[in-house]
Amino acid sequence: MADGIATLISSVGLTQETFLVFCILAVLVVGAVVVIITSRPILDIYPYLNPSARVRARKGRLFDEKQISELVETNDVEEVENYLKGVPEYADVLDAYPLDKALDVERANTYDFVARVAPKDIKDPFVVMSKKSDIDNIKSLLTAKEVGLGPEETRELLIPSGSLYDELDSLADTETVTDIVTSLDGTEYAAALEDALPQYEETNMVLPLESALDKYYLGKLLRSSDVPSDENKQILYSYVGTQVDVANLKLIIRAKQDGLDYDAIAPYILEEGYQLRDWKLKDLMESPDVTNIVSGLEGTKYADALTDVMPVYNETGSVAVFEKALDGYTSDYSKSLASKKPLGIGPIIGYLSQKENEIKNLKIIARAKREADFPNSKIMEMLI
Amino acid sequence: MVEIALGTALAAIGAGVAIGFAGLGSGLGQGMAAAGSVGAVAEDNDMFARGIIFSALPETQAIYGFLVAILLLVFSGLLGGGQGLPTEAGIVAIGVGASIGFAGLGSGMGQGMAAASSVGAIVEDNDMFARGIIFSALPETQAIYGFLIAILLMVFGGILG
């Protein structure tokens, strides 16, 4: 057989050395092809492995149903606080701040953590989300100055977090709403606030300033996640876009309940929604009432959630049912997105969404426990 | 220059393929498992031991490749003591290397992904340990097939005989 092979090699005009070189080259080419093909999925997965494990570790420490039931069964808000002090996640913040503020700080810390560990490709939207505490702080400052709170009372409302952390003290020392806007000159929020300032001066209400901030935040969030080039970014875009749509919908529903028309609502709406594009939003804003908004949403993914609670709205006349339904929808949708890419962005979205719900639920429980004889069954109904 | 028979030279390529590709798969897999484990340990110190176990799982593919490569080097006479391999046995040796090399590559990568995912599941829920090990061990089978075929090729291809 050796002779046969030798004859074959020489019949194609190769010496033994060139045959050897040919074999080495063939191995190298095949190897290169195999490595290129197999490394592509690895390169997609690799950046997410460490962040996924970190968020899943924290997800595992979220409250389960039994713990939430135990919290609901507590007798008063002090018991809630003591219970939370026994949980490592909340112990530190509760040592430093009162309950409600501690929950806000914990939420801000959660967004900071996710923005820190998120892979580079998807970091931007989470960095924007981590600045939500800035928006909340500016809103608190505006409200505090509108009602004439002093520096110390104002400081109590602020979340010690975000990019304005170093300036919070000096901002709390200001005296008027206009001073706040002037003091924020040079920050990324200045343009949005200055544009809305004339409207504030005209109406003497901070609502236009708050809405301008919300619009700025949502716009930045949506733009930070555009160009969904791969599956992870597509999931992120859906997640962020749904939040923008839900914020727009809540605003339109509440405005219609208050009897506002298109011209009054339009300035506060972020036109470039996700599934609800500009033309659809215009239709909704022009709807005569809340019932027509819900029917106008037919064919969109938000229709079912809102239609289901329509009878409750007809009975109570409260748009809070729609807001709760939209929050529930956002939570369920985030959960479905979380399971789509287990070795990608899924665990990050799952954790954020569940932690957000946990903090909302804790706030509901704390608020209910401050009221005497608030029935536990009612609290359970209110939980997300 | 040392005179090496064509068959021995081909066996050397086979040995390179065996440990090269198996090592690549093992390295990628171990890297993935270790990346997940580091993340888990950063959040929970108790995960260190379990993280090490899952990170070590994709090591086996490199061991198979290393064993096959050593056998090829020894029995081809490249490490001395033999007469060198005939050409046809040298070609069989490339098949031996490809068998464990490519099987080890796929198996290592698959095991790395499963191990990284398992570490994430365990750090979220401790009870997942046993199931995580089972799922992570599954991709080992491909490397075992590759290793068996490599041994059979060496035995019946005139290398170990």
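Residues numbered from 1 in each chain as written. Chains lettered and ligands numbered in written order. Predicted model: local features only at pLDDT ≥ 70, side-chain atom pairs only at ≥ 80, totals over all residues.

## Some words on the packing of helix α12 (residues 190–203) of chain A against helix α13 (residues 207–224) of chain A
All names here are of chain A.
Logical step 1: α13 packs onto α12 with a crossing angle of 160° between their chain directions and a minimal axis gap of 8 Å. Overall, the two elements α12 and α13 adopt an arrangement that is roughly antiparallel. Viewed along their axes, α12 and α13 form a crossing whose handedness is right-handed. Here A192, L193, D195, A196, Q199, Y200 and T203 of α12 lie close against α13, whose contacting residues are P208, L209, A212, L213 and Y216.
Logical step 2: For the contact of α12 with α13, the residue count by class is nine nonpolar, two polar and one charged. (Axes fitted to C-alpha atoms, helices over the stretch in contact; angles between N-to-C directions. Helix = DSSP H or I, 4+ residues; strand = E, 2+ residues; numbered from the N terminus. Parallel < 35°, antiparallel > 145°, perpendicular 65-115°, else oblique. Left-handed = near helix turned anticlockwise from the far one by under 90°. Contact = placed C-beta atoms within 7 Å. Nonpolar A, V, L, I, M, F, W, Y, C, P; charged D, E, K, R; others polar.)

## Quick notes on the UniProt feature "transmembrane region" (unreviewed entry) in chain B
Residues and elements named next belong to chain B.
Logical step 1: With numbering aligned to this structure, UniProt lists the feature "transmembrane region" (unreviewed entry) at residues 61–79, 91–123 and 143–160.
Logical step 2: With 79% helix and 0% strand, residues 61–79 has its two end C-alpha atoms placed 23 Å apart.
Logical step 3: Within residues 91–123, the helical portion is 100% and the strand portion 0%, while the C-alpha atoms at the span's ends are 48 Å from each other. (UniProt positions renumbered as here; feature names shortened; annotations may be inferred.)

## Comments concerning the interface of chain A and chain B
Accessible area lost during the coming together of the parts is what is often quoted as the interface size.
Logical step 1: On the side of chain B, 32 residues touch chain A, which itself brings 30 residues to the contact.
Logical step 2: Taken together, the elements giving at least two residues each to the side of chain A that touches chain B come down to α1 (2–11) and α2 (16–60) of chain A.
Logical step 3: The element contributing the most residues to the side of chain A that touches chain B is α2(A), with 23 residues.

## Notes on the confidence of the model for chain B
Logical step 1: For chain B, the average pLDDT comes to 92, and 98% of its residues sit at 70 or higher.
Logical step 2: For this predicted complex, the interface score ipTM comes out at 0.81, while the overall pTM is 0.84. (pLDDT = per-residue confidence, 0-100.)

## Observations regarding the packing of helix α1 (residues 6–43) of chain B against helix α4 (residues 87–124) of chain B
Logical step 1: α4(B) packs onto α1(B) with a crossing angle of 5° between their chain directions and a minimal axis gap of 6 Å. Taken together, the axes of α1(B) and α4(B) lie roughly parallel to each other.

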